[in-house]
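Structural overview
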Amino acid sequence: MEGVDYLADERRKAEFDVQAMKIVWAGSSHAFEVSDRISKLVANDPVFKKDDRAMLSRKDLFKNTLRKAAHAWKRILELRLSEEEASRLRFFIDEPAYTDLHWGMFVPAIKGQGSEEQQQKWLPLAYKMQIIGCYAQTELGHGSNVQGLETTATYDRHTDEFVIHSPTLTSSKWWPGGLGKISTHAIVYGRLIIDGKDLGVNGFIVQIRSLEDHMPLPGVTIGDIGMKFGNGAYNTMDNGILRFDHVRIPRDQMLMRVLEVTRDGKLKQSDVPRQLLYGTMVYVRKQIVIDASNALSKAVCIATRYSAVRRQFGSQNGGPETQVIDYKTQQSRLFPLLASAYAFRFVGEWLHWLYTDVTQRLQQNDFSTLPEAHACTAGLKSLTTSTTADGIEECRKLCGGHGYLCSSGLPELFAVYVPACTYEGDNIVLLLQVSRFLMKTVSQLGTGKKPVGTVAYMVRIEYLLQCQCAVQRAEDWLKPAQILEAFEARAARMCVSRAQDLTRFSPPEEGFAELSADLVEAASAHCQLVIVSKFLEKLQQDIPGEGVKQQLETLCGIYSLSLVHKHQGEFLATGYLTPTQAALANDQLRALYTKIRPNAIVLVDAFNYTDHYLSSILGRYDGNVYPKLYEEAWKDPLNESVVPDGYHEYVRPLIKQQLHSSRL
């Protein structure tokens, strides 16, 4: 029935102020107001309809995305939306498009790596979308290993130009979003070559299509790389292939904020330190962590609501069956993901602060926190995206068979999100980078160089290597100091143990190769500690709203203790915990599941997602799932005719035993 809230009883159980929690989730009253207003604007605009995405052909899907992107830009201009409002508009449209790379990579690259003159020339054009840009770094043969890129940019001092060339098949640019069909310009990364000398990888602004007829410029071969995983999903994006055949560009189109090539072919270092470029990377990774909380919360919202609607088994005397959400097996899989969504939100908030802090320090030529910030953002990008990708799939399984339907929203959400585990750094490669930083930190202990930021706990290394868990009762696991010490001791002991293992190898690189899997585990332990510590720090703040802080404390306990349970082998192997204390942690975790259960629906309501944004029948706000699933089935093109195309050619001859005379 329309207009009936089938989850009303669940909402009446709430033990906290949901409106206050919405503001906590959004980050501020202002951020909530903007998101709430823009999400409704998108949901009420028929052009942004997206419930048929999974059934469209690739061409129709892509054209529809272009229509939405154009309409979005029109609305931004008509309503005179601020940069913040325009960003939220693109977020709630919820469809990968060439504009993502234009605003998310092309513009930041020029701002971060372009000289003042280059910014003055190119940014006004990009801001007005008079040019459309992409970020062409990844090649067919190289992704994570940027130093292995093969595209060349050779300086010709006779004409004062760079010659951009793709010398091999594997040097073809491959994957850049927006490149395949739409971008007019690209930030192209290639090897800077002067007088036959390879001077390493640099970025260049290259026009690739005509601004008049959109045809590729001479020497440019360009196209789309083809269908990707899933229905709809990332197939709205024109990921491209790009090859250059001795394409010439003016010298002043090399990004020259840090390094300049003079007219006579000499390298000139600018006054801007190279480390300043790391600010852009911290910004991008911060955004990826926030995106992880968005995607995971979306999946958790769908799975939580459907788990409350769905009933199976347990009927007593003809009464209703048990809600699936009341089974401990469901809770033990679902509630840690709910807690993770909140945990990632708060660590994302902290990364915003870190980005501001790093930027201010860089401007003052203070690079002291840069290695730690680089390692921290690399690790958090890896951990949050891997957990989110796995979590979305787990949410699909939590919805049973109906979760496999495109109309559940979960298959497309998984397909559109999972590339995050690879772009901006393969997750395993990133953890190996974190492990190198941790091993260096351990090697410097006792030298007088104090560890800073997220590795500051290493200052207490002697204590952390010797301390024993003081838990005697299950309730002791609720003490923030106890939780923090457990994660610090585990991370510290795993790092020191790996460092000791490495001393057995000569040269050390042999050790890094042989122990890489163990080093990844140590890096993961450190990153989990960072997220737990930032959740605990959040709880030290003044958080208004009746019952809000108590719910967050419960979620923090679930996040922390679910990790203790999942990785109890590491906590036990390091000698910090006894088996009895590990069992007590699990007892407390089960108690927290029971405690959070009455508030589960309202905790996902606090995400404030419209039905349009969720795009899921299973996750509908009103819980009216079954009638809507039935309605949706009849919309499939296969149901446009009662007798399917092909029946008379291929099925009827079979039934009538006439296959020998049919024309197959």
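To keep things clear, this report deals only with the structure shown in the data block.

A word on the overall build of the protein
A count of helical and extended segments in the protein gives 23 helices and 11 strands. Against the 2.2 N^0.38 benchmark of 26 Å for 664 residues, the protein shows a C-alpha radius of gyration of 27 Å, consistent with a compact globule. Within the protein, the proportion of its 664 residues that are buried is 53%. Sequence separation of at least 24 residues holds for 74% of the intrachain contacts in the protein that already meet a minimum separation of 6. Only carbon and sulfur atoms are counted for the fraction: they give 54% of the accessible area of the protein, which is about 30400 Å². Distance between charge centroids for the protein: 1 Å, based on 74 positive and 76 negative side chains.

With respect to unusual backbone geometry
The residue after S506, namely P507, is reached through a cis peptide bond having omega 0°. With respect to the helices and strands, P507 occurs in the loop between α14 (480-502) and α15 (508-514). At H214, a residue that is not glycine, the phi angle is positive and equals roughly 70°. In this fold, H214 is placed in the loop between β6 (197-207) and β7 (220-224). A positive phi is found at N365, a non-glycine position, where the angle reads about 60°. Along the chain, N365 falls in the loop between α9 (328-363) and α10 (370-398).

Concerning the sheet that holds strand β8 (residues 240-244)
Read from one edge to the other, the open sheet built from 3 strands follows the order β4-β8-β7, with strand pairing classed as antiparallel. If you trace the sheet from one side to the other, it starts and ends with β4 (173-174) and β7, each paired once.

Focus on the side chain of N427
When you line up the elements, N427 lands in helix α12 (residues 427-443). N427 gets classed as buried once you look at its relative accessible area, which sits at 5%. A polar contact of 2.9 Å, which involves the side chain of N427, links it to the side chain of K381. Among the polar contacts made by the side chain of N427, one reaches the side chain of S386 at a distance of 2.8 Å. Residues contacting N427, with those up to four places away along its chain left out, are K381, S382, T385, S386, A420 and C421.

Overview of the side chain of K534
Looking at where K534 falls in the secondary structure, it is placed in helix α16 (residues 516-539). The contacts of K534, once residues within four sequence positions are left out, are V347 and W350.

Observations concerning the nonpolar core
Counting 144 residues, the largest nonpolar core has M21, Y342, L380, L438, W477, L552 and L555 as the members making the most contacts within it. Tallying contributions element by element places α9 first for this core, with 16 residues. Apart from residues lying up to four places away in sequence, L552 is in contact with M21, V24, Y342, F346, F535, L539 and I543. In this structure, I164, V206, L242 and V247 belong to the second largest nonpolar core, which totals 24 residues.

Quick word on the packing of α9 against α16
For the pair α9 and α16, the least separation of the axes is 9 Å and the interaxial angle reads 80°. Viewed along their axes, α9 and α16 adopt a mutual orientation that is roughly perpendicular. Contacts from A339, Y342, A343, F344, F346, V347, E349 and W350 of α9 reach α16 at V530, I531, K534, F535 and K538. In terms of residue class, the contact of α9 with α16 is made up of 10 nonpolar, no polar and 3 charged.

A short note on a nonpolar patch on the surface
Residues Y650, V651, L654, I655 and L659 make up a contiguous nonpolar surface patch of about 470 Å² in total accessible area. Turning to its location among the elements, Y650 is positioned in helix α23 (residues 647-655).

A short note on the environment of F512
Inspection of the secondary structure assignment puts F512 in helix α15. Separated by 13 residues in the primary sequence, F512 and A499 have C-alpha atoms spaced 10.0 Å apart. Apart from residues lying up to four places away in sequence, F512 is in contact with R436, M439, L502 and L519.

A closer look at the pattern of salt bridges
In this structure the tally under the stated criterion is 45 salt bridges. Between K74 and E78 there is a salt bridge, with the nearest N and O atoms lying 3.9 Å from each other. On the criterion of helical spacing, the pair formed by K74 and E78 is a turn pair, its members being 4 residues apart in helix α4 (residues 58-78). A salt bridge links R490 to E570, with the nearest nitrogen and oxygen atoms 2.7 Å apart.

So, helix α22 (residues 625-633)
Within α22, the full set of buried residues consists of V625, K628, L629 and E632. On an axial view of α22, the arc spanned by its buried residues comes to 105°, and they lie on one face. In this structure, the buried side of α22 is in contact with α8 (278-309).

A closer look at helix α6 (residues 98-113)
Taking 1.5 Å per residue as the helical rise, α6 with its 16 residues ought to reach 22 Å, and the 21 Å between its terminal C-alpha atoms agrees with that figure. Of all 16 residues making up α6, 12 are buried, and the element is well covered by its neighbours. Listing the buried residues of α6 in full gives Y98, T99, L101, H102, M105, F106, V107, P108, A109, I110, G112 and Q113.

Looking at the environment of N365
Classification of N365 by relative accessible area gives exposed; the value is 51%. The spatial distance from the C-alpha of N365 to the C-alpha of Q500 is 35 Å, given a sequence separation of 135 residues.

A word on the pairing of strand β3 (residues 161-165)
With respect to burial, β3 is a largely interior element, 4 of its 5 residues being buried. The antiparallel hairpin formed by strand β2 (residues 152-156) and β3 contains 4 residues in its connecting segment, where D160 sits at a positive phi of about 60°. Where β3 meets strand β9 (residues 247-250), 4 bridges bridge the pair, whose relative direction is antiparallel. Directly across from F162, in β9, lies its bridge partner I249.

Things to note about the packing of α14 against α16
Angle between the axes and distance between the axes are the two parameters that describe a pair of packed helices. Between α14 and α16, the shortest axis-to-axis distance is 9 Å and the interhelical angle comes to 160°. When the interaxial angle is binned, α14 and α16 end up roughly antiparallel. Where α14 crosses over α16, the handedness of that crossing is left-handed. Where α14 abuts α16, its residues P480, I483, L484, F487, E488, R490, A491, M494, C495, R498 and L502 lie against D518, L519, E521, A522, A525, H526, Q528, L529, V532, S533 and L536.

Points about the pairing of β2
Taking burial as the measure, the 5 residues of β2 include 4 buried ones, the bulk of the element. Sheet topology note: the β2/β3 ladder contains 5 bridges and is antiparallel. Counted as the bridge partner of A153 is I164 from β3. With 3 bridges joining them, β2 and strand β5 (residues 185-194) adopt parallel strand pairing. Pairing of T154 across the sheet is with I193, part of β5.

Conventions and cut-offs
All residue numbers refer to positions counted from 1 along the written sequence of the respective chain. This being a predicted model, a pLDDT of at least 70 is required before a residue's local features are given, and a value of 80 or more before pairs of side-chain atoms are given or counted; all residues contribute to the totals for chains, interfaces and linings. Think of the side-chain values as coming from all heavy atoms in the structure, minus any hydrogens and water. Labels follow the DSSP assignment, with helices taken as runs of H or I lasting at least four residues and strands as runs of E lasting at least two, numbered in each case from the N terminus. Our radius of gyration looks at C-alpha atoms and nothing else; its globule reference is 2.2 Å times the residue count to the power 0.38. Relative accessibility under 20% of the residue-type maximum defines a buried residue, over 50% an exposed one, and the middle range a partly exposed one, all with a 1.4 Å probe and only protein chains included. We call two residues in contact whenever any of their non-hydrogen atoms come within 4.5 Å of each other. Accessible areas in this description were obtained via Shrake-Rupley with a 1.4 Å probe; residue shielding takes into account the shown protein chains only. Under the convention used here, Asp and Glu are negative, Lys and Arg are positive, and both His and the chain ends fall outside the count. Charge placement uses NZ in Lys and CZ in Arg. For Asp and Glu, CG and CD serve respectively. Pairing between two strands requires that DSSP report at least two bridges joining them. In protein, a polar contact requires one atom able to donate a hydrogen and another able to accept it; more generally it is a pair of N or O atoms within 3.5 Å, and residues adjacent in sequence count only if both atoms are side-chain atoms. In plain words, nonpolar cores are sets of buried Ala, Val, Leu, Ile, Met, Phe, Trp, Tyr and Cys residues tied together by side-chain atoms within 4.5 Å. An axis is simply a line fitted to the C-alpha atoms; with a helix, the fit covers only the stretch in contact. Between two such axes, the angle follows the N-to-C directions and lies from 0 to 180 degrees. Working definition: roughly parallel below 35 degrees, roughly antiparallel above 145 degrees, roughly perpendicular at 65 to 115 degrees, and oblique for all remaining angles. Residues are grouped as follows: nonpolar covers Ala, Val, Leu, Ile, Met, Phe, Trp, Tyr, Cys and Pro; charged covers Asp, Glu, Lys and Arg; every other residue, Gly included, is treated as polar. Nonpolar side chains (Val, Leu, Ile, Met, Phe, Trp, Tyr) within 5 Å and like charges within 9 Å form the patches, drawn only from residues with over 30% relative accessible area and no salt bridge. Criterion for a salt bridge: a side-chain nitrogen of Lys or Arg within 4 Å of a carboxyl oxygen of Asp or Glu. In this description, one arc is meant: the one made by directions from the helix axis to the C-beta atoms. A helix is expected to span 1.5 Å for every residue after the first. For any helix crossing, the convention is left-handed if the near helix is rotated counterclockwise from the far helix by under a right angle, and right-handed if that rotation is clockwise.

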